[in-house]
Amino acid sequence: MKATDASPTDAELVEKCLVGDLNAFGKIVDRYRNAIYGLCYHKVRNFEDAEELAQDTFLKAYLSLKQLRDATKLAPWLYSIATNACKMCSLRSPTPSAY
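Fair warning: this is a prediction, and the values are worked out from it, not measured in the lab.

## Points about the overall build of the protein
- Assigned secondary structure in the protein consists of four helices and zero strands.
- Along the protein, helices and strands appear, N-terminal first, in the series α-α-α-α.
- Counting only residues that meet the buried cut, the protein has 33% of its 99 residues in that class.
- Taking contacts inside the protein between residues at least 6 apart in sequence as the whole, the part at least 24 apart equals 54%.
- Of the accessible surface of the protein, which amounts to about 7100 Å², a share of 53% is contributed by carbon and sulfur atoms.

Okay, structure coming up:
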């Protein structure tokens, strides 16, 4: 049995989310917020776009959580969603013009 002060694993949080525990998803967001934002910012180089893409990533993840086949692979799955969101953003956004 694990200690009560230990943080739940990603797999435990995913299982809790799948049975309706919204607090568990909040813990996932807290755990990965900075990493996902950092990845998005690295890809798009714009603070506001990176924030929006990070939010979109977590929304897509929440709505698609049942499709996650291996809950121990949550982090790479989130990074994949974020990377795809950034690619789609760059396809929609025109290249900024030089002034």
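Let us keep going from here.
## Considering the state of the cysteines
- In this structure the tally under the stated criterion is zero disulfides.
- Of the cysteine sulfurs around cysteine 40, a residue in no disulfide, the closest is that of cysteine 86, at 3.8 Å.

## Some thoughts on the side chain of threonine 57
- Residue placement: threonine 57 occurs in helix H3 (residues 47–64).
- Residue threonine 57 is classed as buried on the basis of its relative accessible area, which comes to 0%.
- Apart from the residues within four sequence positions on either side, threonine 57 is in contact with Ile36, Leu78, Ile81, Ala82 and Ala85.

## Describing the environment of tryptophan 77
- By the element assignment, tryptophan 77 lies in helix H4 (residues 74–92).
- Among the residues examined, tryptophan 77 registers a relative accessible area of 18% and is labelled buried.
- Along the sequence, tryptophan 77 and alanine 61 sit 16 residues apart, while their C-alpha atoms lie 8.4 Å from each other.
- Sequence-distant contacts of tryptophan 77, defined by excluding residues within four places in its chain, comprise Ala61, Ser64, Leu65 and Leu68.

## What to know about the confidence of the model for the protein
- Per-residue confidence for the protein gives a mean pLDDT of 90, with 88% of residues at or over 70.
- Within the protein, H4 has the poorest average pLDDT of any element, 92, and helix H1 (residues 10–18) the best, 97.

## A word on a nonpolar patch on the surface
- A cluster of nonpolar side chains, namely Leu22, Leu59, Tyr62 and Leu63, defines an oily patch on the protein surface of about 430 Å² accessible area.
- In terms of residues, the nonpolar patch owes the most to one element, H3, which gives three residues.
- With respect to the helices and strands, the residue tyrosine 62 is situated in helix H3.

## A few points about unusual backbone geometry
- Of note, arginine 45 is a non-glycine position whose phi angle comes to about 55°, a positive value.
- Tracing the sequence through the fold places arginine 45 in the loop between helix H2 (22–44) and H3.

## Overview of the side chain of aspartate 10
- By secondary structure assignment, the location of aspartate 10 is in helix H1.
- Here the side chain of aspartate 10 touches arginine 31 through a polar contact of 2.6 Å, side chain to side chain.
- Leaving out residues up to four positions away in the same chain, aspartate 10 has contacts with Arg31, Tyr32, Ala71, Leu74 and Ala75.

Calculation rules
Residues numbered from 1 in each chain as written. Predicted model: local features only at pLDDT ≥ 70, side-chain atom pairs only at ≥ 80, totals over all residues. Heavy atoms only, no water. Helix = DSSP H or I, 4+ residues; strand = E, 2+ residues; numbered from the N terminus. Buried < 20%, exposed > 50% of the residue type's maximum accessible area, 1.4 Å probe, protein only. Contact = heavy atoms within 4.5 Å. Areas by Shrake-Rupley, 256 points an atom, 1.4 Å probe, with all protein chains shown as cover. Disulfide = S-S within 2.5 Å. pLDDT = per-residue confidence, 0-100. Patch = residues over 30% accessible without salt bridge, like charges linked within 9 Å, V, L, I, M, F, W, Y side chains within 5 Å. Salt bridge = Lys/Arg side-chain N within 4 Å of Asp/Glu carboxyl O. Polar contact = N/O pair within 3.5 Å; in protein donor to acceptor, adjacent residues only side chain to side chain.

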